[in-house]
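Read off the chains here:
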Amino acid sequence: MNAFFSEFRTFSYVIKKSPSFLLFAHTHPDADTIGATVSLAEFLRGKGKEVAIVCFDPFPPHLAELFSETSTTFLHPDQLDIHRYGAVIACDSVDRGFDRILGRLKSQQVTVTLDHHPDVSVPSDIEMVDAGYSSTCELLYAYFERNNEPLNQKIATALLAGIIFDTGNFQHACTTPRVMEVAGVLMKKGASLGRIVDTIFTNKSIPALRLWGKAFERSVFNEKNGMLVTAVTQQDVKDCCASIEDIYQVTSILSTVPEAKFAMVLSERDDETVRASLRSMERHNVDVSEIAHRFGGGGHRLASGFEIPGKIARVENGWAVV
């Protein structure tokens, strides 16, 4: 992993000199981008800085309780004057939306990216991007640790939430001894492992389970390439009174089916966008990021995704985006 000696020093200088910060969470925010922005916001406010968090999508309701003790207000970029902030920091999956505001920023505004996804193409003044980290929250923890910054319970909870989410509750291949060490430190700082796991993975509502049932029931296996694929439409979500975020674990569960070399879940995100989430297991030696790259997406070798325009349609041999 990159130690970012120079970048961390420059980042510290920006934090010291800038009075205000605009933090950016990616579209369809998950626990890693939320954990990174929320923990960074708590840290910066503790230093007397003015902070706002922006996102093109609202804060996911199912994670609200977990972050209830912190300031979790997500504003749309059009709801405030983005030019009044001295520094703008994008946390996690910066390719998902940050490019939409970069062109609107003034040249004197310092831009910073914190990300653990490979192939990040969005430029910034300070770039801290390394796929060797399990999550952006682990990368941000490395910064706090390097500078001996004190972490309170709120910051520790936010960081651990992002780490647990992106490691799949410590089950994905990105779980390293270092990750477990960091998790242990954050738990000592007051982060509740049980509460985080229950919120993200365990406590599923009846509507969420109904949606899972639909997704599992209509799964189609392709014997030629070993792909297990399913699809979730906007109508499915509406019929189940669920949230589209409820399908996150479906891909991971399908990837554990012994016959499947990799799994793909197609989900309609709006009237004209379909997101594909791909997962595989280490033993299958399948790099799903190669598939994602073909469609303009990206990610890690065992966990990737992409978005394409269209709607989901049932076809003779499975599912298609039309």
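The structure we're discussing is the one just above.
Rules and cut-offs
Residues numbered from 1 in each chain as written. Predicted model: local features only at pLDDT ≥ 70, side-chain atom pairs only at ≥ 80, totals over all residues. Heavy atoms only, no water. Helix = DSSP H or I, 4+ residues; strand = E, 2+ residues; numbered from the N terminus. Rg over C-alpha atoms; globule rule 2.2 N^0.38 Å. Buried < 20%, exposed > 50% of the residue type's maximum accessible area, 1.4 Å probe, protein only. Contact = heavy atoms within 4.5 Å. Lys, Arg positive; Asp, Glu negative; His and termini not counted. Charge placed at Lys NZ, Arg CZ, Asp CG, Glu CD. Phe/Tyr/Trp six-rings, centres within 6.5 Å; stacked < 30°, edge-to-face > 60°. Lys NZ or Arg CZ within 6 Å of the ring centre and 35° of its normal. Pairing = 2+ DSSP bridges. Axes fitted to C-alpha atoms, helices over the stretch in contact; angles between N-to-C directions. Parallel < 35°, antiparallel > 145°, perpendicular 65-115°, else oblique. Nonpolar A, V, L, I, M, F, W, Y, C, P; charged D, E, K, R; others polar. Expected span 1.5 Å × (residues − 1). Arc of directions from axis to C-beta.

Q: I'd like a rundown of the overall build of the chain, residues and numbers included.
A: When helices and strands are counted, the chain shows 11 helices and 14 strands. In summary, the chain has a C-alpha radius of gyration of 19 Å against a globular reference of 20 Å for 322 residues, a match within 12%. Across its three principal axes, the chain shows a C-alpha extent of roughly 60 × 40 × 35 Å. Put simply, the chain has 322 residues, and 54% of those count as buried. At a minimum sequence separation of 6, the contacts of the chain that also span at least 24 residues come to 63%. Counting 32 positive and 40 negative side-chain charges, the chain places the centres of these two groups 3 Å from one another.

Q: Which residues make up the packing of aromatic side chains, and what values go with them?
A: By the definition in use, this model includes 13 aromatic pairs. With 5.3 Å between their ring centres and 80° between their planes, Phe8 and Tyr143 make a pair best called edge-to-face. Placement of the pair is Phe8 in helix α1 (residues 5-17) and Tyr143 in helix α4 (residues 136-146), with a sequence separation of 135 residues. For Tyr143, a relative accessible area of 2% translates into the label buried. An angle of 55° between the planes, with centres 4.8 Å apart, marks the rings of Phe43 and Phe144 as tilted. In this pair, Phe43 is assigned in helix α2 (residues 31-46) and Phe144 in helix α4, connecting sequence segments 101 residues apart. Within the aromatic cluster, the residues linked to one another by ring pairs are Phe4, Phe8, Phe11, Phe43, Tyr133, Tyr143 and Phe144. One Lys or Arg, Arg84, reaches over the ring of Tyr85 and ends 5.4 Å from the middle of that ring. Taking NZ or CZ as reference, Arg100 lies 3.6 Å from the ring centre of Phe56, over its face.

Q: Which residues make up the sheet that holds strand β3 (residues 74-75), and what values go with them?
A: In space, the 6 strands of this open sheet follow the order β3-β2-β1-β4-β5-β6, with parallel pairing throughout. Of all strands in the sheet, those with a lone pairing partner are β3 and β6 (126-129), marking the two edges. Across 5 bridges, the pairing between strand β1 (residues 20-25) and strand β2 (residues 50-54) is parallel. If you follow Phe21 over to β2, its bridge partner there is Val51. α1 contacts β1, β4 (87-91), β5 (110-115) and β6 of the sheet and is inclined by roughly 130° relative to β6. This element, α4, spans β4, β5 and β6 of the sheet and lies at about 115° to β5.

Q: Break down the packing of α4 against helix α5 (residues 153-166) for me, with residues and values.
A: Across the interface, α4 lies against α5 with an axial gap of 8 Å and an inter-helix angle of 140°. Taken together, α4 and α5 sit at an angle that is classed as oblique. Contacts between α4 and α5 involve Cys137, Glu138, Leu140, Tyr141 and Phe144 from the first element and Ile155, Ala158, Leu159, Gly162 and Ile163 from the second. Residue classes in the contact of α4 with α5 are distributed as 8 nonpolar, 1 polar and 1 charged.

Q: For helix α8 (residues 206-217), give the residues involved together with the corresponding values.
A: End to end, α8 covers 16 Å across 12 residues, agreeing with the expected 16 Å (1.5 Å per residue, within 8%). Taken as a whole, α8 has its buried residues at Pro207, Ala208, Leu211, Trp212 and Ala215. Projected down its long axis, α8 shows its buried positions confined to an angular sector of 140°, all on one face. Away from its buried face, by an angle of more than 90 degrees, α8 presents the exposed residues Ile206 and Glu217.

Q: Lay out the environment of Glu145 in plain terms, naming residues and giving numbers.
A: Mapping Glu145 onto the fold places it in helix α4. Residue class for Glu145 comes out partly exposed when judged on its relative accessible area of 36%. Sequence spacing of Glu145 and Asp287 is 142 residues, and the spatial spacing of their C-alpha atoms is 32 Å.

Geometric values such as these leave the question of function open.
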